[in-house]
2 protein chains.
Amino acid sequence: MFTYSELLTADQVERIHQASLHILAEVGLLVRNERARQIFARHGCWVDEETHLVRFPIGVVEEFRQMFPSKFIFRGRDERFDKVLPDDSPVIVTASSAPNIIDPVTGQERRATSEDIARIAYLVNELPGYDVFSVSTLAEDAPPGYFTLARLYPALKNCLKPVRSTATDLEDARRVLQLGELIAGDEKTYAQRPFITHHFCPVVSPLTMDVASTELTIFFAEKGLPVYPSIVPNGGLTAPMTMSGTLVQGNAEFLAAAVLMQMVRPQTPLIYSTLPTIADMRTGAYASGGVECGMLHMAFAQMARFYGVPCGGYIGLSNSKVNDAQAGYETGISCTAALLGGAHMLNMGGLLDALKAFDYAKAVIDDEIAQMLKRIRRGMEFNEENLALDVIAEVKPGGNFMTHKHTVKWMRKVALMPRIADREPREVWEKRGALDAFQRAKQRAAEVLSKPTPVSFPPEIEARIRSVFPEMVHGEVIPVEGW
Amino acid sequence: MFTYSELLTADQVERIHQASLHILAEVGLLVRNERARQIFARHGCWVDEETHLVRFPIGVVEEFRQMFPSKFIFRGRDERFDKVLPDDSPVIVTASSAPNIIDPVTGQERRATSEDIARIAYLVNELPGYDVFSVSTLAEDAPPGYFTLARLYPALKNCLKPVRSTATDLEDARRVLQLGELIAGDEKTYAQRPFITHHFCPVVSPLTMDVASTELTIFFAEKGLPVYPSIVPNGGLTAPMTMSGTLVQGNAEFLAAAVLMQMVRPQTPLIYSTLPTIADMRTGAYASGGVECGMLHMAFAQMARFYGVPCGGYIGLSNSKVNDAQAGYETGISCTAALLGGAHMLNMGGLLDALKAFDYAKAVIDDEIAQMLKRIRRGMEFNEENLALDVIAEVKPGGNFMTHKHTVKWMRKVALMPRIADREPREVWEKRGALDAFQRAKQRAAEVLSKPTPVSFPPEIEARIRSVFPEMVHGEVIPVEGW
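Just so we're clear, the structure is a prediction, and the values are computed from it rather than from any experiment.

K.L.:
Hey, could you go over the interface of chain B and chain A for me, with residue numbers and the actual values?
P.N.:
Taken together, the 114 residues of chain B in the interface contact 114 residues of chain A. Buried area between chain B and chain A, summed over both chains or domains, comes out near 9800 Å², and the portion from carbon and sulfur atoms is 68%. It is Met380, Arg423 and Arg426 of chain B in chain B that bury the most area against chain A; as a group they hold 9% of the surface buried on that side. The residue Asp353 of chain B makes a salt bridge to Arg426 of chain A at a minimum N-O spacing of 3.9 Å. Our count for the chain B to chain A interface comes out at 42 residue pairs in polar contact (both at pLDDT 80 or more). No other element matches the 10 residues that helix 11 (residues 325-341) of chain B contributes to the side of chain B that touches chain A. Residues of the side of chain B that touches chain A, tallied by class, amount to 64 nonpolar, 29 polar and 21 charged.

Structure below.
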C-alpha cells in the first residue's frame, strides 16, 4: 500500500466542508423531483414549493452524513468476482454509455448495438485488469421498451463480473429488476445477492436535482439495492471556473444526494463518485482528458476520507479520437494521480473522444494501465527475504544476480509482465511487423473474441427470460466478420 | 503543492538506511579507481589493496552523510533559466546520450550527429516544459578528440537553459571546462557562474566504482563545480530481483558515491539521482518503461528525504519504438508516480526505445507531459476568491457560469491549455487532417525549427572558441530538408 498524496491541508478540507454546508443552507438546491422535496421537508429541510428551492439546515446535513457507511459492495453473477470498496481498491470499472463504437473492421465510428455489447462484455470478463463492467455503449438496435434491457441483458449474459446499469424511468427500473430476478431464480434469491449495481446522476450541476434520476435513486435506495450517484461539475460552465470552486460546489452536490439517500433509508451504502472537469475555455470543449481531472479526483478523495466513504469515479477519459500517445498519457497521468490521491474506484476503460466512442483496442490498453495501477497498489514487498542482504553478500561487488536462486524464485512475482507494452529490440519488433500498441491491442481483442465463450446463461434461464421479454435481443457473442 | 505519496513506512526507511550501512561495512565496495581508494583510506575506510575492496565503518558514513547539502543549483548561460533543487521542482531534464535519432524525414533510425544536437538544443530552448538540456544524443560526426565537445558545443550554442554534460577522461574534462571558460570570457568568470553541470555514473551495480567516471566525479567535486552521480541498479541482473533489494543496494551505492564527494570537498552539493529498473525476466529486457520504475523512484525519494538531499533521475523512459499509446502511458504513469512520490528532477524528455533513440515528436509530447506535471505541482489555488461562494450564490441553482466575470477573469489561469492534446469534436479533427499526437508533435517541432534561431554565440566568442578548437563542428541550426 501507500500513503496518499494530498493537494489540500486538513484546514482546507474542513473549510470545503463548512462552505458546502453554507451553500446548502443559504443558496440551496433546486429540486425538481416532488418526492425528493417531500422527503427533504419531512426531515427538516426548508422547502419552497413555489420555487422548488430546498435549503438544508446545517444540523440536518451533519446528522445524516454521520450515517454514511464506509463500505460499498459490487456483486457479480459469480460471487468470486465480488468487490468491496475500499478494501479491494483500486476497483477498475469500464467507462460507460458511449453512443458510438469504433468499428474494428472499418476503423470508422458508428452507432453501437447490443451485439457490440455482447462482445465487449465478454472481453471485459476475460481481461484481468477489470473488476466491474459498466455497460460501455448504448444499443441502437434496442426494440421499443428495451432501451436499457438491450444493453443490460448481453452484459449480464457474457460477463460474470459485477455489472453496473442505469434505467430511464420507474417502469424501466422494474424491468431491470425483473431481469435480475429471472436470472437469480426469484425475487428473494436476487435480493440476497443483487448482482446489478445501479447508478444515476441525480444532481445536474449547478445544484439541481432532476426528476427521473432522483426518482430512481430513491427507488433503489428504498429497496436496499446497490445504487450510487455521480456528481459531474464542469468548471467554467456548470461550476465555478476555479478548481476550489468546482470542488466546493461538487461537494455540496454530493452531500445533497448522499443525505437524500440516508433520509430514504439510513445507512444506505454509497460511493463518493465524481466526474469533475475544467472546461477548455478556448473553445468550451469538454476536457475530460485534462490533468485537472486527476487533480480534482485527488481533492474529492480527500473530502471522501473526511466523510469516511469510499470514492472514485470517471477518470482518464482521453479526448483523443484514436489510440495515440495522447490517449496513453491522458489516461495514464490522470489515473495515476487519482490512485495516489486515494480514489478507490476508477471508471477508466475503453472509451475514446471523451465519452463518445468505445474502442476495443482502448479497452485492452486500459486493461494494461489498470494492471499497472494495481501493481502500484500492491506496493513494495518488504521483509528480510525481499531485502536480500544475504543475496547481495553472496553475489558480491561486481557479480551478477541473474542465476541466483533468489532471482529464479522471485522473477515471475515482482514485476508486472505486460502483454501490450513491447520491450523487444527494434530489429525484433520490426521483424514481427512493427505494430504499434493500438494494433497489438486490437489483435489481442480479436484473439479473445475468436474463442468460444463459456460464459452464458443456462437454457432454463434463457427460456425464463424470453418468456417474459419475448423481444429481447439475442445477446450472443458473434465473431466479427473480416476482423 | 501536495504531500507525497509514500510506499515505505518510516521504520522501513530507517531499516533501508541501516541495511545499507551494513552492506557498506560488511560486503563493501569494489573500488577500481586508485585515487578513490586513497581518499576512502585517508578518511577511515578499510581498504584492501589486493582485492580493491573498500569497507566503510558505520561511523564514517554517518559522519559524512551529515554534510550533504539540501540544495543543488543548475545554472544556464542565461541566469534567468537557473533552477534550484528542490525549490523549483519538478525540474524537467531531457533524457540523454542516445546513440541514434529517428530521422524526421525518413522516419528511420540512424546515428545522430552534431547537427541533430544543434536542432534539439534549440527545440529544448523553445519548449516551455523543459528546464535543463542534458545532451540528448551522441554525435557520430565528432572529429577525433571532440567526442564530448561536438555534443556540448552545439548544445550550449543553441540553448540558454542549463546544459548537462559528461566527459570521457580527465583530458576531455579539461577541454569541457576550457569551452565553458571561453564562452564565459575567462576562468574566474566561469567559476562564478558555471553553466555546465557535470554528470557521471561512478558506481556500476552491483557495488563497484569504476576508474574513469569516479576520477571525473572527484575532479569536478574538487574544483567545486556542479557535478552529481546517478545510480543505476537493474533488479534481477545487477541488483536483487526484489524491489526492496534493489532499493537497499542502490541506496548503499548512492551513499558510497555521495560520501566520496563529501570526503573530496565537504558540503559538495549533489542530487540523489537514480535510474532504477526491474528487468523483464521473460527475455532479460531492460524495462525502463515499467511501472516498477515509477515505484522505485517513489521509494528512492523517501530515502532522499531521510538524508535531506534533492532527488530524482531518469524516469518515464518508454520501451516503445514509436510514439504510440505505450509511449504515452509508460511516460505518463511513471512520471506522475515519481512526481507525487517526491522526485524533484525528472530526466524524461525525448527518447524512445528505452535510451536508444531520440525523436523530435517524443520531445514535444514529453514537453506537454512536463507541463501537466508542473500543473499538478502548482496545486489547487485556495483562497476565498477561488472558493467563489459569492459566484455560486449569484449564478444560482440551474444557472450557467460561462459569462460570469469570475469565469472571464480566471479562464486563462486555471487550466493548462495543451497544444498537442486535441479536444475538438471528431468532425473538426477529421477536417483538419485526422492527425494523431505524433504527427501534430512532429509538425510543432518542424515549426519551431523553421524559424531563425536568435540564440547563438556572439562573433567574438565564436572566434575565441575556434582559435582554441579549430576542428569544432559548426553547431548551427540548419533546417531539415524535406521536413
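Here the narrative resumes, following the displayed structure.
K.L.:
Outline the pattern of salt bridges, listing residues and values.
P.N.:
With the rule as written, the count across this model stands at 64 salt bridges over all chains. Asp116 of chain B is paired through a salt bridge with Arg119 of chain B; the nearest N and O atoms lie 3.2 Å apart. Pair noted here: Asp116 of chain B and Arg119 of chain B are both in helix 4 (residues 114-126), with a separation of three residues, about one helical turn. Each member of the pair, Asp116 of chain B together with Arg119 of chain B, is buried. Taken together, the shared-partner salt bridges connect Asp103, Arg110, Glu115, Asp116 and Arg119 of chain A into one network.

K.L.:
Please provide a residue-by-residue account of the state of the cysteines, values included.
P.N.:
Taken as a whole, this structure holds zero disulfides over all chains when the rule is applied. Of all cysteine sulfurs in the structure, the one in Cys335 of chain A sits closest to Cys311 of chain A, which takes part in no disulfide; the separation is 14 Å. Unpaired in terms of disulfides, Cys335 of chain B finds its nearest cysteine sulfur in Cys293 of chain B, a separation of 10 Å. We classify Cys335 of chain B as buried; its relative accessible area is 0%.

K.L.:
Just give me the short version of helix 11 (residues 325-341) of chain A, but keep the residues and values in it.
P.N.:
Residues and elements named next belong to chain A. Its 17 residues give helix 11 an end-to-end C-alpha distance of 24 Å, which sits within 8% of 24 Å, the value for a rise of 1.5 Å per residue. The buried count for helix 11 comes to 17 of 17 residues, which makes it a mostly enclosed element. At the exit of helix 11 stands Gly342, carrying a positive phi of roughly 110 degrees.

K.L.:
Break down the pairing of strand 19 (residues 345-349) of chain B for me, with residues and values.
P.N.:
All names here are of chain B. Most of strand 19 sits inside the fold, with five of its five residues counted as buried. Here four bridges tie strand 6 (residues 91-94) to strand 19, and the two strands are oriented parallel to one another. In the strand pairing of strand 19, Val93 is matched with Asn347. Note that strand 18 (residues 311-314) and strand 19 share three bridges and pair parallel.

K.L.:
An account of the layout of surface pockets is requested, with residue identities and associated values reported.
P.N.:
Approximately 800 Å³ is the volume attributed to the largest pocket. Around the largest pocket, the lining is made up of 45 residues, and of these Asn323, Asp324, Asp436 and Phe438 of chain A together with Asp436 of chain B lie nearest the centre. Elements with a minimum of two residues in the lining of the largest pocket: helix 12 (360-378), helix 16 (426-431) and helix 17 (437-450) of chain A together with helix 12 (360-378), helix 16 (426-431) and helix 17 (437-450) of chain B. Classifying every residue of the lining of the largest pocket gives 20 nonpolar, seven polar and 18 charged.

K.L.:
Give me the lowdown on the pairing of strand 11 (residues 196-200) of chain A, citing residues and values where you can.
P.N.:
All names here are of chain A. Strand 11 sits mainly inside the fold: five of its five residues count as buried. Residue alternation in strand 11 divides its side chains into two sets, Ile196, His198 and Phe200 and Thr197 and His199, and both sets are buried. With three bridges connecting them, strand 10 (residues 163-165) and strand 11 associate as parallel partners. Paired with Arg164 across the strands is Thr197, a residue of strand 11. Across three bridges, strand 11 lies against strand 14 (residues 227-231) in parallel orientation. Within strand 14, the position partnered with His199 by the bridge is Tyr228.

About the thresholds
Residues numbered from 1 in each chain as written. Chains lettered and ligands numbered in written order. Predicted model: local features only at pLDDT ≥ 70, side-chain atom pairs only at ≥ 80, totals over all residues. Heavy atoms only, no water. Contact = heavy atoms within 4.5 Å. Buried area = accessible area lost by both parts, 1.4 Å probe. Salt bridge = Lys/Arg side-chain N within 4 Å of Asp/Glu carboxyl O. Polar contact = N/O pair within 3.5 Å; in protein donor to acceptor, adjacent residues only side chain to side chain. Helix = DSSP H or I, 4+ residues; strand = E, 2+ residues; numbered from the N terminus. Nonpolar A, V, L, I, M, F, W, Y, C, P; charged D, E, K, R; others polar. Buried < 20%, exposed > 50% of the residue type's maximum accessible area, 1.4 Å probe, protein only. Disulfide = S-S within 2.5 Å. Expected span 1.5 Å × (residues − 1). Pairing = 2+ DSSP bridges. 1 Å grid on protein atoms, 1.4 Å probe; cavity = no way out; pocket = protein on both sides within 12 Å on 5 of 7 lines; lining within 4 Å. Points joined across faces, edges and corners; volume = space filled by probe spheres on them.

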